[in-house]
Amino acid sequence: MAKSRLVYVCQACGASHPKWLGRCPACQAWDSLAEEALAPASPAAPGPAAQPLALKQAWGRPEKRTMSGLGELDRVLGGGLVPGMVTLVGGEPGIGKSTLMLQLAASLGAGGLPVLYVAAEESARQVGLRAQRLGLTDSPVALLNETGLEQITQAWRSGGYGAVVVDSVQAIRSADLPSLAGSLGQVRQCAGELAALAKQTGAALFLVGHVTKEGALAGPRVLEHMVDTVLYFESELASSLRLLRAVKNRFGATDEVGVFEMGEEGLRTVANPSALFLAQRPAEAPGSAVCAALSGTRPLLVEVQALVSPSGLAMPRRQALGLDAGRLHMLCAVLGIHAGLDLSGHDVFVNLAGGIKLGEPAADLAVAVAVASSFHARAVPAQVVCFGEVGLAGELRAVSRAPARLAEAARQGFTRALTAPTRLDKPVEMEVLAATRLAQALEVLW
Ligand code: TYD
Ligand code: MG
C-alpha cells in the first residue's frame, strides 16, 4: 500500500493546510487543526452504478433490535441495539463508563451474542479484577488488550462479533498518523474507521469517550456527528445515582433518561426512579412542589425546589438548575403581573432535585407553585402534584399525555393533581383540580 499523505484540516472551518499551525489562517481559530491521512490519489475504476430504491422498498424493513438485558440502557437506546449502530458513551473519568460497558458486554454475551471488549486504557488484569468484583468472570466475552487501531480492526474482522466495545476511543491510535493517541486527528480517524467497520459487519459498536470538565477539544464532542447515538453518563456530586442521558439518537427519543445506582457490585438499574427522586423531599416545607413530568417516554415525578429571598441587588438574581433560565425569568414576570407576586426585590433560585433536567413547558406550573410557596412561606399540601404550561397571559395550558402523568402520580401515592382543564377519556384514581389561570390555580391550592 502506498504511504498516505497527511493534511491538516481546520475543525472549525474545514480549510486544509499542508503543515500544522497553531492558528488557522483561514478562520483565525486557535488550535483547531487536526491531521488527516489523505489516501494517495489513484484514478478510481468506475464501479457498478449505485442503484436508488423506490421509497416503498425502503419501508417495510423493520430493524432487528437486540435487547441488552440492562433495561435502563435499552430504554435510552430507544428499545435495544440495532445492528451496525454506533454509540458514543461519554462522561467524566470515574463516573462508571467502563463498569457499564463491561456489564453490557457480559449481558449481551450471556444472551448468546459474540462480544468483543477492547481494553485500551486498562490492563487485562484490571478488567479481570473489575469483572470479578461484578461477579462476571465466567461471561462469554472476548477481551482484547490493545491500543493499535489496525490490530483491533483485524481482530474484529476475524471474530464475527455482534457487538464491540472500545474503551476508550481516546486511548487507541492509528499507525497512519504520527500524532499521539487522544489527539483530535487520532480520535477522528479511529472513530471513523471503527464506525465504518460497524456498518460493514453489522456489529453494534460502543465507543467510550472521556469528557473533561474543561471540555477538552479531543473529547467526544468532535465525534458527535460521526455516530448514531450519543449517551452521556452523569451524576450529582457525591451521589451514587447515575443518569444515562441520550443527547442524540437516530434510533429513538433524545430526552430519554436511564437511571442507575452505583453499588459495591456495579450498576443496578433503578426500577422506580420517581420514588428515588422524591425520597429526600422535606415534608411540609415551603418552596417544594412535585411535578408530574415526562422524561422521554417515561412519566417521572420530580421535586421542584424554589428559594425566594430578599435581594440587595439592582438586578435581582434568577438562577435555574435543571431547567431553562429564560423560562424562569418568564414565569417570575407572569407571577408578578397575573398573580400579584412582586418578585422585583427578590432573588429567585430554582433547582430540580436529583440532577434531573426538564425541557418541557409542562414543568411551568410546578415551578410557579414552588416559587409562590417559598414567597408566601406556605407549604404545598403533600399529596398534590402539578403539571401544566403557563402562558404569557397567565393562562394554564393542557400538556401531552396527562393520563400517563396522573397514573404515575397515583402509583406514587399522590391523591390530587393541579393542572389545566384536561380531557380524560378514562376515569383516573385522582382528584383533578383544574384551573384555567395561574392565579386561580394558586387559590385552589391554598
Ligand atoms: P469506572 O467504570 O472505572 O469509571 P470510568 O470508566 O467512567 O472511568 O468506575 C469508576 C468508579 O466506580 C470507581 O471509583 C469505583 C466505582 N465502582 C463501584 O463503586 N462499584 C463497582 O462495582 C465498580 C466496578 C466500580
Ligand atoms: Mg474507564
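Residues numbered from 1 in each chain as written. Chains lettered and ligands numbered in written order. Predicted model: local features only at pLDDT ≥ 70, side-chain atom pairs only at ≥ 80, totals over all residues. Heavy atoms only, no water.

(A) Looking closely at the overall build of the chain. Helix and strand counts for the chain stand at eleven helices and 21 strands. The C-alpha extent of the chain, read off along each of the three principal axes, is 80 × 55 × 50 Å. The burial tally for the chain puts 48% of its 446 residues in the buried class. In the chain, the share of contacts with a sequence separation of at least 24, taken over all contacts with a separation of at least 6, comes to 66%. Accessible area for the chain stands at about 21100 Å²; split by element, carbon and sulfur atoms hold 55% of it. The distance from the centre of the 39 positive side-chain charges to the centre of the 39 negative ones in the chain is 4 Å. (Helix = DSSP H or I, 4+ residues; strand = E, 2+ residues; numbered from the N terminus. Buried < 20%, exposed > 50% of the residue type's maximum accessible area, 1.4 Å probe, protein only. Contact = heavy atoms within 4.5 Å. Areas by Shrake-Rupley, 256 points an atom, 1.4 Å probe, with all protein chains shown as cover. Lys, Arg positive; Asp, Glu negative; His and termini not counted. Charge placed at Lys NZ, Arg CZ, Asp CG, Glu CD.)

(B) Examining the packing of helix α3 (residues 97-110) against helix α4 (residues 124-133) more closely. In contact at an axis separation of 11 Å, α3 and α4 are set at 70° when each is read in the N-to-C sense. The orientation of α3 relative to α4 falls into the category roughly perpendicular. Only V127, R130 and A131 of α4 make contact with α3, whose side of the interface consists of S98, T99 and L102. Here the residues of the contact of α3 with α4 sort into three nonpolar, two polar and one charged. (Axes fitted to C-alpha atoms, helices over the stretch in contact; angles between N-to-C directions. Parallel < 35°, antiparallel > 145°, perpendicular 65-115°, else oblique. Nonpolar A, V, L, I, M, F, W, Y, C, P; charged D, E, K, R; others polar.)

(C) Representation of the pairing of strand β20 (residues 416-419). Examined bridge by bridge, strand β17 (residues 384-386) and β20 share three bridges and lie parallel to one another. Directly across from V385, in β20, lies its bridge partner A417. As paired strands, β20 and strand β21 (residues 431-434) are joined by four bridges and run parallel to one another. Within β21, the position partnered with A417 by the bridge is V432. (Pairing = 2+ DSSP bridges.)

(D) A look at the domain arrangement of the chain. Here the domain parsing of the chain yields domain 1 (5-38), domain 2 (65-270) and domain 3 (276-445). Computed from C-alpha coordinates alone, the two centres of domain 2 and domain 3 are separated by 37 Å. Tallying the contact residues gives 13 residues for domain 2 and ten residues for domain 3. At the junction of domain 2 with domain 3, the criterion picks out two salt bridges. R298 is the salt-bridge partner of E72, the closest N and O atoms lying 3.0 Å from each other. Linking domain 2 with domain 3 are three residue pairs in polar contact (both at pLDDT 80 or more), by the criterion used here. Of all the secondary structure elements, the ones that give two or more residues to the side of domain 2 that touches domain 3 are α2 (71-77), β10 (241-249) and β11 (257-263). (Domains from an automatic or database assignment. Salt bridge = Lys/Arg side-chain N within 4 Å of Asp/Glu carboxyl O. Polar contact = N/O pair within 3.5 Å; in protein donor to acceptor, adjacent residues only side chain to side chain.)

(E) Quick look at the packing of aromatic side chains. If you walk through the whole model with that rule in mind, you get one aromatic pair. Measuring from ring centre to ring centre gives 6.0 Å for F233 and F260, while their planes differ by 85°; the resulting arrangement is edge-to-face. Separated by 27 residues along the polypeptide, F233 in strand β9 (residues 229-235) and F260 in strand β11 bring together distant segments of the chain. Residues F233 and F260 agree in their burial class; the two are buried. (Phe/Tyr/Trp six-rings, centres within 6.5 Å; stacked < 30°, edge-to-face > 60°.)

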